[in-house]
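Listed below, chain by chain, are the residues.
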Amino acid sequence: MKDHFSNFENTVNILYFNSAKKNPNFCLSTKSILYELNSISPKINLKIVDFDKDKNTVHKYNIMMPPATVIQSNTDIGLRYYGIPSGYEFSTLINSITIVGRGRIDIPREVREKSTLVKKKVEILVFVTPSCPYCPRAAAIAHKLAYINEHIEGTVIEANEFPELSREFNVMAVPKTVINKRHSFEGAFSEERFFEELIKGIS
Amino acid sequence: MLDLKFHSETYNNNVEEKDYDVIILGAGPTGLTAGIYTGRALLKTLIIEERMIGGEAASTVKIENYPGFPDSISGMELTERMKKQAEKFGAKVVISHTKEVDLTRKIKRVKTDNGEFHSKVIIIATGSSPKSLNVSGEKKFKGRGVSYCSTCDAPFFKDKTIAVIGAGSSGIQEGLFLLEYVKSIKFVEFLPKMTAEKILQERIKKRENVEFFLNHRLLSINGKQTVESITVENRGTGEKKDIPVSGVFIYVGLKPNTELFKDTPKLDKYGFVITDEYLKTSQDGIFAAGDVRKKILRQVATAVGDGASAAFSAQTYIEKLES
Ligand SMILES: Cc1cc2nc3c(=O)[nH]c(=O)nc-3n(C[C@H](O)[C@H](O)[C@H](O)COP(=O)(O)OP(=O)(O)OC[C@H]3O[C@@H](n4cnc5c(N)ncnc54)[C@H](O)[C@@H]3O)c2cc1C
């Protein structure tokens, strides 16, 4: 695991929104996972934000609920993770950290080119569960797109831990992806298909 | 100490090398095992996976019948170990969409989202996917109550009554897992009796909150926004019945993942690849193994056997090619 981070070009700054009141158990588990990562690699910085007290930062990053993890380089690039990154979702977290740390991603050239043409704000929500093997793929694509385009935000949400949000978006199967709160699709698609769906959601 | 294991699948996608001895399509138990063997044969090996490492086995919560794990093992962990083992012996694993294959020439070509790769041999290990029934409402409610993956979606049906379609081994096994979440299950089986392994039948029969509709055909899945009921027909009497359920999990068999190949190599009428005992297909240098080929039993234990045999045949083929 240590080796995995050793060839990082950039330092990854993780901002973690913790709470002792809201979802305290989920927060505790998330915190310990992040602490562990932090201790493994000098390339990973961790800053804990108190969700209940630090209203400014919560507002600045537009955080809905704790536990929330923002993965960034020096600036916010729109990578969010809500919930405990456990099970298959641990690989989603590592993947997002790796995107920022390596500073480059693999994405089909056509998708990369087309995605630079997106100039409107796009909010991608990907609902996942830790036992869903297809979910990391959908989450990874959302985070890749967020990484290459500043107008795109990729938010991954652990559906079980945020039942209200899941209900609001009628999540009954994962991965479920919602584009700008109005267009949604279920299943893990290729980058191309995912991007086609994203375009449907913004046009 | 936390268990910081992870599938390194989603980011390890930089494959600069384009030419291989062996390309394996599919990283389920079959493809990963083939990779272990070709790796140890010192053949340059690339495993290309379309969706997720581990294949169908990775989404199986508990595998009880794979030898060596008397206390069972989760499909995720088992396949993660297989992947590690394949990589240890030099096989590269990449996740990418395969757009096109050319299997007819001496050097085979595979066009993917990550570029084009070439090899002397291809092992097809693309497995199969859950079959859909094509009944009314199935498409409409996919993701709104209709599911093919219990490990993914079980939590959304907590304390609800659901239907499981198919009482084969998969249906019963997944049903037993779903019972940890749901209130009760209505099993619908087309045949007059369950076909699941006997041990699974015994277990499910002991449960109180299950009901069986054997010799019944599923006619439709009904509801407004989400699933509210199913309609079934008794195949003996023709009697129709509405059963109120909030979810439908479908386990009615497998459809081979062979769309990519059209008719090279030769497929049977259901789309499974036809092989001989050496796992050779109708096309020179193309081998097929695991769930994707015509065979009598589709399980992890038979998948890994196929993977090893196909790798051995591939090795023999390459040695002949070069002698
Ligand atoms: C619900 C369920 C429960 C099961 N329970 C058990 C059990 O308890 N015990 C047991 O032994 N077996 C069980 N099985 C069966 C077992 O999962 C399969 O036999 C086994 O996974 C087959 O392995 P495979 O590698 O041949 O195929 P798969 O596991 O299907 O893997 C094939 C891989 O190829 C990929 N692929 C598809 N098309 C392409 C392409 N064009 N290019 C590249 N890659 C591609 C797929 O994404 C997939 O990852 C179960 C199956 C199901 C569905």
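Note that the structure is predicted; figures quoted are calculated from it, not measured.

The rules behind these values
Here the residue index of a chain counts from 1 through its sequence in written order. Lettering for chains starts from A, numbering for ligands starts from 1, and both go in the order in which the items are written. Local features are withheld for residues below a pLDDT of 70 in this predicted model, meaning they are given only at 70 or higher, and side-chain atom pairs are given and counted only at 80 or more; totals for whole chains, interfaces and linings count all residues. Note that water and hydrogens are dropped before the side-chain values are worked out from all heavy atoms of the structure. Helix numbers and strand numbers start at the N terminus; a helix is a DSSP run of H or I with at least 4 residues, a strand a run of E with at least 2. Note on method: radius of gyration uses C-alpha positions; expected globular size equals 2.2 Å times residues raised to 0.38. Each residue is placed in one exposure class: buried if its accessible area under a 1.4 Å probe, protein chains only, is under 20% of its type's maximum, exposed if it is over 50%, and partly exposed if it falls in between. Between two residues, a contact is recorded if the distance between any of their heavy atoms is within 4.5 Å. Areas reported as accessible are Shrake-Rupley estimates using a 1.4 Å probe. Residue values count occlusion only from the protein chains shown. Asp and Glu count as negative and Lys and Arg as positive, but His and the ends of the chain are not part of the count. Here the site of a charge means NZ on Lys, CZ on Arg, CG on Asp, or CD on Glu. For two strands to count as paired, DSSP must find a minimum of two bridges between them. What fixes the domain bounds is an automatic or database domain assignment. Salt bridges are identified by distance alone: a Lys or Arg side-chain nitrogen within 4 Å of an Asp or Glu carboxyl oxygen. A fitted line through C-alpha atoms represents every axis, and for helices the fit uses only the stretch in contact; the resulting angles, taken between N-to-C directions, go from 0 to 180 degrees. Oblique is the label for every angle not falling under 35 degrees (roughly parallel), over 145 degrees (roughly antiparallel), or within 65 to 115 degrees (roughly perpendicular). Take the far helix as the reference: if the near one is turned anticlockwise from it by less than a right angle, the crossing is left-handed, and if turned clockwise, right-handed. Under this grouping Gly is polar, as are all residues other than the nonpolar Ala, Val, Leu, Ile, Met, Phe, Trp, Tyr, Cys and Pro and the charged Asp, Glu, Lys and Arg. Residues are labelled near a given molecule or strand when at least one of their non-hydrogen atoms is within 4 Å of it. Contacts described as polar in this section are N or O atom pairs within 3.5 Å, which, within protein, must combine one atom able to donate a hydrogen with one able to accept it, while residues neighboring in sequence count only if both atoms come from side chains. Two parts placed together each lose some accessible area under a 1.4 Å probe, and adding up what both lose gives the buried area. Only a pair of cysteine sulfur atoms within 2.5 Å qualifies as a disulfide here.

> Help me out: how do you make sense of the overall build of chain A in this one?
In terms of helices and strands, chain A carries 8 helices and 8 strands. The C-alpha radius of gyration computed for chain A amounts to 16 Å, which stays within 12% of the reference 17 Å derived for 203 residues, consistent with globular compactness. Considered along the principal axes of its C-alpha atoms, chain A spans approximately 40 × 40 × 35 Å. Across the 203 residues that make up chain A, the buried fraction comes to 62%. Pairs at least 24 apart in sequence give 73% of the contacts found in chain A among residues at least 6 apart. Accessible area for chain A stands at about 8,400 Å²; split by element, carbon and sulfur atoms hold 49% of it. Separation of charge centres in chain A, based on 26 positive and 23 negative side chains, amounts to 3 Å.

> I keep staring at the pairing of strand S8 (residues 183-186) of chain A and nothing clicks. Help me out?
Successive residues of a regular strand alternate their side chains across the two faces of the sheet. All names here are of chain A. Across 4 bridges, strand S7 (residues 176-179) lies against S8 in antiparallel orientation. Bridging from a neighbouring strand, Ile179 pairs with His183 of S8. Between S7 and the antiparallel strand that follows it, S8, lie 3 residues; Asn180 among them carries a positive phi value of about 45°.

> Quick question: what am I supposed to make of the domain arrangement of chain B here?
Interface size, as often reported, equals the accessible area lost upon joining of the parts. All names here are of chain B. The domains assigned to chain B are domain 1 (5-129 + 254-322) and domain 2 (132-250). Computed from C-alpha atoms alone, the centre-to-centre distance between domain 1 and domain 2 is 32 Å. Listed by partner, the interface residues are 6 residues for domain 1 and 7 residues for domain 2. There are 1 salt bridge connecting domain 1 and domain 2. Among the salt bridges present, the one from Arg203 reaches Glu64, with a minimum N-O distance of 3.0 Å.

> Whenever I open this one, the packing of helix H1 (residues 29-40) of chain B against helix H3 (residues 75-88) of chain B confuses me. Can you help?
The description of two packed helices rests on the angle between their axes and on the distance between the axes. Residue and element names in this part refer to chain B. In the contact formed by H1 and H3, the axes pass within 8 Å of each other and the chain directions differ by 25°. With respect to H3, the axis of H1 lies roughly parallel. Considering only the axes of H1 and H3, their crossing is left-handed. Here H1 contributes Pro29, Leu32, Gly35 and Ile36 to the contact with H3, which in turn contributes Thr79, Met82, Lys83, Gln85 and Ala86. Across the contact of H1 with H3, the residue classes break down as 5 nonpolar, 3 polar and 1 charged.

> Please explain the site of the ligand as it appears in this structure.
Residue and element names in this part refer to chain B. Of all residues adjacent to the ligand, which total 32 residues, the nearest are Thr30, Glu49, Glu56, Asn65 and Val300. Within the backbone of Thr126, one N or O atom sits 3.3 Å away from an oxygen atom of the ligand. Gln299 places a polar side-chain atom, nitrogen or oxygen, 3.0 Å from an oxygen atom of the ligand. Considering only residue class, the shell around the ligand consists of 10 nonpolar, 15 polar and 7 charged. A domain split of the shell around the ligand shows at least three residues from each of domain 1 (5-129 + 254-322) and domain 2 (132-250).

> Is there a simple way to think about the interface of chain B and chain A in this case?
Each side of the interface is counted separately: chain B has 35 residues, and chain A has 38 residues. Both sides together, the interface formed by chain B and chain A hides about 3,100 Å², and carbon and sulfur atoms give 60% of it. Viewed at the interface, chain A and chain B are joined by 4 residue pairs in polar contact (both at pLDDT 80 or more). Elements with a minimum of two residues in the side of chain B that touches chain A: helix H2 (55-58) and helix H4 (150-153) of chain B. For the side of chain B that touches chain A, the element with the highest residue contribution is H4(B), accounting for 3 residues. Residues belonging to the side of chain B that touches chain A are distributed by class as follows: 14 nonpolar, 12 polar and 9 charged.

> Explain the environment of A:Arg112 to me, please; I cannot follow it from the model alone.
All names here are of chain A. Here Arg112 is to be found in helix H5 (residues 109-115). Residues Arg112 and His59 lie 53 residues apart in sequence; the distance between their C-alpha atoms is 31 Å. Those residues within four positions of Arg112 in sequence are excluded, and the remaining contacts are Ile105, Ile107 and Ile148. Here Ile105 takes part through its backbone oxygen, which lies 3.0 Å from a polar atom of the side chain of Arg112.

> Would you mind showing me how to read the domain arrangement of chain A here?
Residue and element names in this part refer to chain A. Segmentation of chain A into domains returns domain 1 (2-73) and domain 2 (109-202). Overall, the association of domain 1 and domain 2 removes approximately 460 Å² of surface from exposure, summing both partners, and the carbon and sulfur fraction of that is 77%. When the area that domain 1 buries against domain 2 is broken down by residue, the three leading residues are Phe26, Met64 and Met65, summing to 68%. Remark: the boundary between domain 1 and domain 2 carries 0 salt bridges.

> So what exactly am I meant to see when it comes to the sheet that holds strand S10 (residues 184-189) of chain B here?
As a general point, the strands of a sheet are linked pairwise by backbone hydrogen bonds and lie either parallel or antiparallel. Residues and elements named next belong to chain B. Taken in spatial order, the 5 strands line up as S8-S15-S9-S10-S11 in an open sheet, and their pairing is parallel. Only two strands of the sheet have a single partner each, and these edge strands are strand S8 (146-147) and strand S11 (210-214). Helix-sheet contacts for helix H5 (residues 169-178) involve strand S9 (161-165), S10, S11 and strand S15 (247-250), and the interaxial angle to S10 is about 170°.

> Would you mind going over the state of the cysteines with me for this structure?
One way to say it: the disulfide is the covalent bond shared by the sulfur atoms of two cysteines. Per the stated rule, a full pass over the model turns up 2 disulfides over all chains. One disulfide in the model links A:Cys132 with A:Cys135; its S-S distance is 2.3 Å. Disulfide A:Cys132 to A:Cys135: torsion about the S-S bond roughly 95°, handedness right-handed. Residues A:Cys132 and A:Cys135 agree in their burial class; the two are buried. Bridging B:Cys149 to B:Cys152, the disulfide has an S-S length of 2.3 Å. The S-S bond linking B:Cys149 to B:Cys152 shows a torsion near 70°; that makes this disulfide right-handed. We classify B:Cys149 as buried; its relative accessible area is 9%. We classify B:Cys152 as buried; its relative accessible area is 0%.

> Teacher, can you tell me more about the sheet that holds strand S12 (residues 216-223) of chain B here?
Residue and element names in this part refer to chain B. Spatially, S12-S13-S14 is the arrangement adopted by the 3 strands of the open sheet, whose pairing is antiparallel. The open sheet has two edge strands, S12 and strand S14 (240-244), and neither has a second partner. Sheet twist, expressed as the average angle between the axes of neighbouring strands with direction ignored, equals 25°. Across 5 bridges, strand S13 (residues 227-234) lies against S14 in antiparallel orientation. When the bridges of S14 are listed, Glu233 appears paired with Lys240.

> For this particular structure, what's the right way to read the pattern of salt bridges?
Pairing between side chains of opposite charge can happen when the charged atoms of each approach one another. Using the criterion set out here, one finds 23 salt bridges over all chains in the structure. Three or more residues joined by partner-sharing salt bridges are found here, namely A:Arg137, A:Lys144 and A:Glu191.

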